[in-house]
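Letter by letter, the chains look like this.
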Amino acid sequence: MPARIDLEQRRKDVIEAAFRLVVAEGLTGLSLRKVAAESGLNIGSVRHYFDDHRNLLVAAATAVGDRMGKRLTRYSTDTLAGLEGEAAVDAVQALLEEFLPLDDERRVESIVLTEFIVAARVNPIFRPVTEQMAADMRQVITQALDVLGVPGPAEEAERLIAILGGLVIDAVTPHGSLGADRLRKTLRTHLRSVLVTGRDAHRGDPPSDEPGASAAPAHPAHSGPMEPDPARPRGGGPA
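Thresholds applied
In every chain, residue numbers begin from 1 and rise along the written sequence. Only residues with pLDDT of at least 70 are given local features in this predicted model, and only at 80 or more are side-chain atom pairs given and counted; all residues enter the totals for whole chains, interfaces and linings. Only hydrogens and water are removed before side-chain values are computed, so all heavy atoms of the structure are retained for them. Take a side-chain nitrogen of Lys or Arg and a carboxyl oxygen of Asp or Glu: if they are within 4 Å of each other, that pair is a salt bridge. What counts as a helix is a DSSP run of H or I of at least four residues, what counts as a strand is a run of E of at least two, and both are numbered from the N terminus. With a 1.4 Å probe rolled over the protein chains alone, any residue whose accessible area is under 20% of its type maximum counts as buried; one over 50% counts as exposed, and the rest are partly exposed. Here, nonpolar core refers to any group of buried Ala, Val, Leu, Ile, Met, Phe, Trp, Tyr and Cys residues whose side-chain atoms link them within 4.5 Å. Any pair of residues with heavy atoms lying within 4.5 Å of one another is described as a contacting pair.

Visitor: Would you explain the pattern of salt bridges in this entry?
Guide: Note on pairing: side chains with opposite charge can pair once their charged atoms come close. Overall, the coordinates contain 17 salt bridges when judged by the stated rule. Between R159 and E156 there is a salt bridge, with its nearest N and O atoms 2.8 Å apart. Residue R159 and its partner E156 are both found in helix α8 (residues 153-172); the two are separated by three residues, about one turn of the helix. Overall, the relative accessible area of 39% leaves R159 in the partly exposed class. Each of the salt bridges in this network shares a partner with another, and the network as a whole consists of E16, R67, R71, R74, E98, E105 and E109.

As structure tokens, this is what we get:
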């Protein structure tokens, strides 16, 4: 009895082959014939799932968003309610790291997505997919910041998206070639400025990394005119 073919798994295998080709050669290296060879299928089998080159490209772009979206479902913004300080930073960092190329799977996704975003500038067939992914990303980050009580969550989400985009570009291109440790550290530094030091400043509290620090001015308050220091020569020159 012939083995039963798992059609959905075979379709996934074709998409994975397409990803590998995009990573190795860019979008220009993605053809039905090359995908067939990479996936170990004949071109007729590939055409069973994708009628033409365009359908394959759109399917690959969509698959990147689906994979990221599936991972993001593990995070619920409800779990962020009430978090403050480093606990809030840890939670948001875990969420945002899903967008960064910190392992082989996410690196492949980042490269493929970057290729499609660049291509969408001149090729409108990619725009609905890339624009939807951008909108979903914006919504997830804005909601997380809103639950945490960050002032102006939509505006801060735009800053975070810009930072994430820059980190991805520097990590997957020769422009910067940042490693995982640097990606995490850079992201965390910004998150702390928003969720820890920034919030302390907004409330008028001393910085959290300096417990017991006083918010009082460095010099005592003076109700009258400043008296000259008797130990300092007159005329304003150096002592």
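Visitor: What am I meant to see in the nonpolar core here?
Guide: Within soluble globular proteins, side chains that are nonpolar tend to cluster in buried spots. Counting residues in hydrophobic clusters, the biggest one holds 64 residues, and the most contacted among them are L96 and I141. Tallying contributions element by element places helix α4 (residues 53-72) first for this core, with nine residues. When neighbours within four sequence positions are excluded, I141 is seen to be in contact with L96, A157, L160, I161 and L164.

Visitor: Can you walk me through the environment of S76 in this structure?
Guide: Relative to the elements of secondary structure, S76 occurs in the loop between α4 and α5 (85-96). Expressed as a C-alpha distance, the spacing of S76 and L95, which sit 19 residues apart in the sequence, is 9.5 Å.

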